[in-house]
Amino acid sequence: MKTRRILITGANGQLGRVLAEELRQKYGRDAVLVTDIQKISDDQAPFEFLDILNTVRLKELVGDYHITEIYHLAAILSAGGEFNPLKTWNINLNGLISILELANEFSLDRVFFPSTIAVFGKTTPRMNTPQDVPLLPTTVYGISKTSGELLCNYYHKRYNVDVRSLRYPGIISYQSIPAGGTTDYAVEIFHAAVKGEKYVCFLKEDTRLPMMYIDDAIRGTIELMEADASKLGIRYGYNLAAMSFTPGELYEAIRTYYPNFEIVYEPDFRQQIAESWTESIDDSEARKDWSWQEKFDLNAMVEVMITELRKYYQNSAQ
Ligand code: SER
């Protein structure tokens, strides 16, 4: 069997850091090349700097490291993207085109493209959103991901590129603080609670969004990438769900650990973005095609987040 050699772009983002570690555990450290525009620690080897728009460098890395698989995570998220729409389009869409072109040219075994609930818009059914629905995203991030989904589907049909994709809900993790996303409040709130601070929430109390704990997101990603290709009916982004909650419900769940924890709601421009997405997701295609099943509900997620962040802040105080 051919040796698996994985390249991750945007490896220092919220998903990338945890995914890289999981893939290293699974396939060995040398099998996973992490790339990003910034290095965060010296124990990241093998690491290479990579600006996703530098296609010459990208091609060199794929050749030099005999890459067989790419997890293409580099992107600008929904809220951050609104400060520079053209740059976001360029990075999110042209970055993906380079990856798909290389996948075709080098006959890579597999490519992973992260899509998102941000592909949905005001014309999409809000509850239990089915797989195939009208998509009219309002953010440039959502537009780039919707277009990216279509390109993935196209490269699969046209060139037989084995590209696989998930529409992630908001991801909740303790390993890093995400930046530039509309669902980031659901991570920030834990840091405030554990540090004993009041949290100023940028979404309204009753804004319900689909969410997922990081372990489910990473396991789902790897399970999709390991699934038998013949079982995968969808190449443009499987709906994926685990839980849905509002800031008010999350606050109440955290308050069982911190009864004096305080929150105030000061919605900003991200409120409109959140309202353009949907509240809950029907992921029956993922369940049917590759046996997707989440493990973490709201209470399990809150428990592990608080446990891990308490450890983190205790260690950093020593
Ligand atoms: N978590 C992302 C964001 O908020 C959605 O994909 O932008």
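Please refer to the structure placed before this passage.
Residues numbered from 1 in each chain as written. Predicted model: local features only at pLDDT ≥ 70, side-chain atom pairs only at ≥ 80, totals over all residues. Heavy atoms only, no water.

A. Quick look at the packing of helix α1 (residues 14-27) against helix α7 (residues 214-226). Axis separation between α1 and α7 bottoms out at 10 Å; the angle between their running directions is 55 degrees. Here α1 is positioned oblique relative to α7, judged by the angle of their axes. Viewed along their axes, α1 and α7 form a crossing whose handedness is right-handed. Touching Gln14, Leu15, Val18, Leu19, Glu22, Leu23, Lys26 and Tyr27 of α1 are Ile214, Ala217, Ile218, Ile222 and Glu226, all from α7. Per-class residue counts for the contact of α1 with α7 are nine nonpolar, one polar and three charged. (Axes fitted to C-alpha atoms, helices over the stretch in contact; angles between N-to-C directions. Helix = DSSP H or I, 4+ residues; strand = E, 2+ residues; numbered from the N terminus. Parallel < 35°, antiparallel > 145°, perpendicular 65-115°, else oblique. Left-handed = near helix turned anticlockwise from the far one by under 90°. Contact = heavy atoms within 4.5 Å. Nonpolar A, V, L, I, M, F, W, Y, C, P; charged D, E, K, R; others polar.)

B. Seen up close, helix α4 (residues 85-105). Its 21 residues place the ends of α4 30 Å apart at the C-alpha level, agreeing with the 30 Å of an ideal helix rising 1.5 Å per residue. Taken as a whole, α4 has its buried residues at Thr88, Ile91, Asn92, Leu93, Gly95, Leu96, Ser98, Ile99, Leu100, Leu102 and Ala103. One or two steps after α4, the chain reaches Ser107, where phi turns positive at roughly 50 degrees. (Expected span 1.5 Å × (residues − 1). Buried < 20%, exposed > 50% of the residue type's maximum accessible area, 1.4 Å probe, protein only.)

C. Geometry of the sheet that holds strand β11 (residues 243-245). Pairing is mixed across the open sheet formed by three strands, whose spatial order is β7-β9-β11. The strands lining the two open edges of the sheet, one partner per strand, are β7 (170-172) and β11. Taking each pair of neighbouring strands and ignoring which way they run, the sheet shows an average axis angle of 45 degrees. Running over the sheet, α7 touches β7 and β9 (209-213) and is turned about 80 degrees from β9. (Pairing = 2+ DSSP bridges.)

D. Fine view of the pattern of salt bridges. Within this structure, the stated rule accounts for 23 salt bridges. Lys204 is paired through a salt bridge with Glu275; the nearest N and O atoms lie 3.9 Å apart. Placement of the pair is Lys204 in the loop between β8 (199-201) and β9 and Glu275 in helix α9 (residues 270-276), with a sequence separation of 71 residues. Of the charged contacts in the structure, one is a salt bridge between Lys288 and Glu285, with a shortest N-O distance of 3.3 Å. Of this pair, Lys288 and Glu285 both sit in helix α10 (residues 284-290), three residues apart, which is roughly one turn of the helix. Judged by its relative accessible area of 57%, Lys288 falls in the exposed class. (Salt bridge = Lys/Arg side-chain N within 4 Å of Asp/Glu carboxyl O.)

E. The arrangement of the environment of Asn12 in detail. Mapped onto the secondary structure, Asn12 falls in the loop between β1 (6-9) and α1. When the C-alpha positions of Asn12 and Thr35 are compared, they lie 7.9 Å apart, and in sequence the two are 23 residues distant. Excluding anything up to four places from it in sequence, Asn12 contacts Arg17, Asp36, Gln38, Lys39, Ile40, Gln44 and Phe47.

F. Inspection of the sheet that holds strand β5 (residues 110-116) at higher detail. On the basis of which strands lie adjacent, the open sheet formed by seven strands has the order β3-β2-β1-β4-β5-β6-β10 and parallel pairing. Each edge of the open sheet carries a strand with a single partner, namely β3 (47-49) and β10 (238-239). Two elements, β1 and strand β2 (residues 32-36), share three bridges in a ladder whose sense is parallel. Bridge pairing links Ile6 to Val32 in β2. Along the sheet face, helix α2 (residues 55-64) touches β1, β2, β3 and β4 (69-72) and points at about 160 degrees away from the line of β3.

G. The arrangement of the site of the ligand in detail. All residues in the neighbourhood of the ligand are listed as Leu77, Ser78, Thr116, Tyr141, Gly181, Thr182, Thr183 and Trp277. At 2.6 Å, a backbone N or O of Thr182 approaches an oxygen atom of the ligand. In this structure, a nitrogen atom belonging to the ligand sits 2.8 Å away from a side-chain N or O atom of Thr183. When isolated, the ligand has an accessible area of 230 Å², and the protein chains bury 92% of it. Looking at the shell around the ligand residue by residue, the class counts come to three nonpolar, five polar and no charged. (Near = heavy atom within 4 Å. Polar contact = N/O pair within 3.5 Å; in protein donor to acceptor, adjacent residues only side chain to side chain. Areas by Shrake-Rupley, 256 points an atom, 1.4 Å probe, with all protein chains shown as cover.)

H. Representation of the nonpolar core. Residues Ile8, Tyr185, Phe190, Leu250, Ile254, Trp290 and Met301 are the most contacted members of the largest nonpolar core, which totals 77 residues. The biggest single contributor to this core is helix α6 (residues 185-195), with eight residues. Contacts of Tyr185, omitting those with residues within four sequence positions, involve Tyr199, Cys201, Phe202, Leu203, Met211, Phe245, Thr246, Pro247 and Leu250. The next biggest cluster of nonpolar side chains, apart from the first, holds 23 residues, and it includes Ala74, Ala103, Leu108 and Val111. (Core = buried A, V, L, I, M, F, W, Y, C linked by side-chain atoms within 4.5 Å.)

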